[in-house]
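If you want the building blocks of each chain, they are given just below.
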Amino acid sequence: PLWALAGAGGDELAPAGLDVRDDGPGLVVAGPPRSGRSATLLTMARSLLASGTPVVAITPRRSPLRSLADADGVLAVLGPEAGADDLTKAIGDRDCYVVLADDAELLVNGPLNDPLEKIVRTGRDGDHGLILAGSTPDFTRAYSGFVPAALRSRAGILVAIETPNDGDLFNIRLPRNAGPGPLGRGLLIRPGRVLPVQLAVTE
């Protein structure tokens, strides 16, 4: 129930994704603006909902995740004014859920920083977790709080790689020729394994 489809990958273009419980509890989708990271996050959210897993979406700015507001299984879609109490109320006493945050770098040092970090910490022994999407350089510069807590899993997706240094976010070494490819091309990353994937894109 905590497996989230990200795209199609491998030689046979089979469904490829990450499991919040097995690969997480923190997963990170990183890339430049307009690279498809928000569309990837939406794909993962829809996959979780299709499995019956409740989700909370956090969108500090306009995001495709806001289209989920009336979908079954969506506990809340929280905007830029949301505080810790809003997130706590949405989750309630559930143990099985996933929080997805788009443009998550905007939440660093804000009122949601501590509750998001707690979700990652308690998710190691529970059935819940956090999926973040945002800017690769901004995530690299986050030294405390929920972002480095999520990155400790060393699992996620690099979207539209700009330089080989993008791999530093997950402590992996990318080839020197790594760089932008076709729209929606990315890497699905687990410790010790990197899989090229084609991600969903928006027109």
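This one's a predicted model, so the numbers in the text were calculated from it and none came from an experiment.

S.K.: How should I be thinking about the overall build of the chain in this particular structure?
M.R.: Secondary structure summary: the chain contains five helices and ten strands in total. Radius of gyration (C-alpha) of the chain: 15 Å, near the 17 Å computed for a compact globule of 203 residues. C-alpha extents for the chain along the principal axes are approximately 45 × 35 × 35 Å. With 203 residues in all, the chain has 54% of them scored as buried. If you take every contact in the chain between residues at least 6 apart in sequence, the share linking residues at least 24 apart comes to 62%. In the form shown here, the chain has an accessible surface area of approximately 9,800 Å², with 48% of it arising from carbon and sulfur atoms. Taken as two groups, the 20 positive and 24 negative side-chain charges of the chain have centres that lie 4 Å from each other.

S.K.: How should the side chain of H128 be read in this particular structure?
M.R.: With respect to the secondary-structure elements, H128 resides in strand β7 (residues 128-134). A relative accessible area of 6% places H128 in the buried class. From its side chain, H128 meets the backbone oxygen of D95 in a polar contact 2.8 Å long.

S.K.: Explain the pairing of strand β10 (residues 193-199) to me, please; I cannot follow it from the model alone.
M.R.: Successive residues of a regular strand alternate their side chains across the two faces of the sheet. With three bridges joining them, strand β1 (residues 3-9) and β10 adopt antiparallel strand pairing. Looking across to β10, one finds that G9 is bridged to V197. Sheet topology places strand β9 (residues 185-190) next to β10; six bridges connect them, and they run antiparallel. Along β10, the bridge assignment pairs G186 with V197. Linking β9 to β10, which pair antiparallel, is a turn of two residues; within it G192 sits at a positive phi near 85 degrees.

S.K.: Looking at this structure, I do not really get the packing of helix α2 (residues 84-91) against helix α3 (residues 113-123). What am I missing?
M.R.: Any two packed helices are characterised by how steeply their axes cross, that is the angle between the axes, and by the distance between the axes. Between α2 and α3, whose axes approach to 8 Å, the crossing angle comes to 35 degrees. Counted together, A84, L87 and I91 of α2 and P115, L116 and I119 of α3 form the full contact between these two elements. Here the residues of the contact of α2 with α3 are counted per class, giving six nonpolar, no polar and no charged.

S.K.: How should I be thinking about the nonpolar core in this particular structure?
M.R.: Grouped burial of nonpolar side chains is what soluble globular proteins tend to show. Core analysis: the biggest nonpolar cluster contains 37 residues, and V28, V56, I58, L87, V99, L116 and L132 have the highest contact counts within it. At five residues, the largest contribution of residues to this core is made by helix α5 (residues 146-151). Contact partners of V99, with chain neighbours within four places excluded, come to V56, I58, L87, I91, L116, I119, G129, L130 and I131. Ranked by size, the runner-up nonpolar core spans 30 residues in total, among them L18, A45, L49 and L65.

Conventions we followed
Residues numbered from 1 in each chain as written. Predicted model: local features only at pLDDT ≥ 70, side-chain atom pairs only at ≥ 80, totals over all residues. Heavy atoms only, no water. Helix = DSSP H or I, 4+ residues; strand = E, 2+ residues; numbered from the N terminus. Rg over C-alpha atoms; globule rule 2.2 N^0.38 Å. Buried < 20%, exposed > 50% of the residue type's maximum accessible area, 1.4 Å probe, protein only. Contact = heavy atoms within 4.5 Å. Areas by Shrake-Rupley, 256 points an atom, 1.4 Å probe, with all protein chains shown as cover. Lys, Arg positive; Asp, Glu negative; His and termini not counted. Charge placed at Lys NZ, Arg CZ, Asp CG, Glu CD. Polar contact = N/O pair within 3.5 Å; in protein donor to acceptor, adjacent residues only side chain to side chain. Pairing = 2+ DSSP bridges. Axes fitted to C-alpha atoms, helices over the stretch in contact; angles between N-to-C directions. Nonpolar A, V, L, I, M, F, W, Y, C, P; charged D, E, K, R; others polar. Core = buried A, V, L, I, M, F, W, Y, C linked by side-chain atoms within 4.5 Å.

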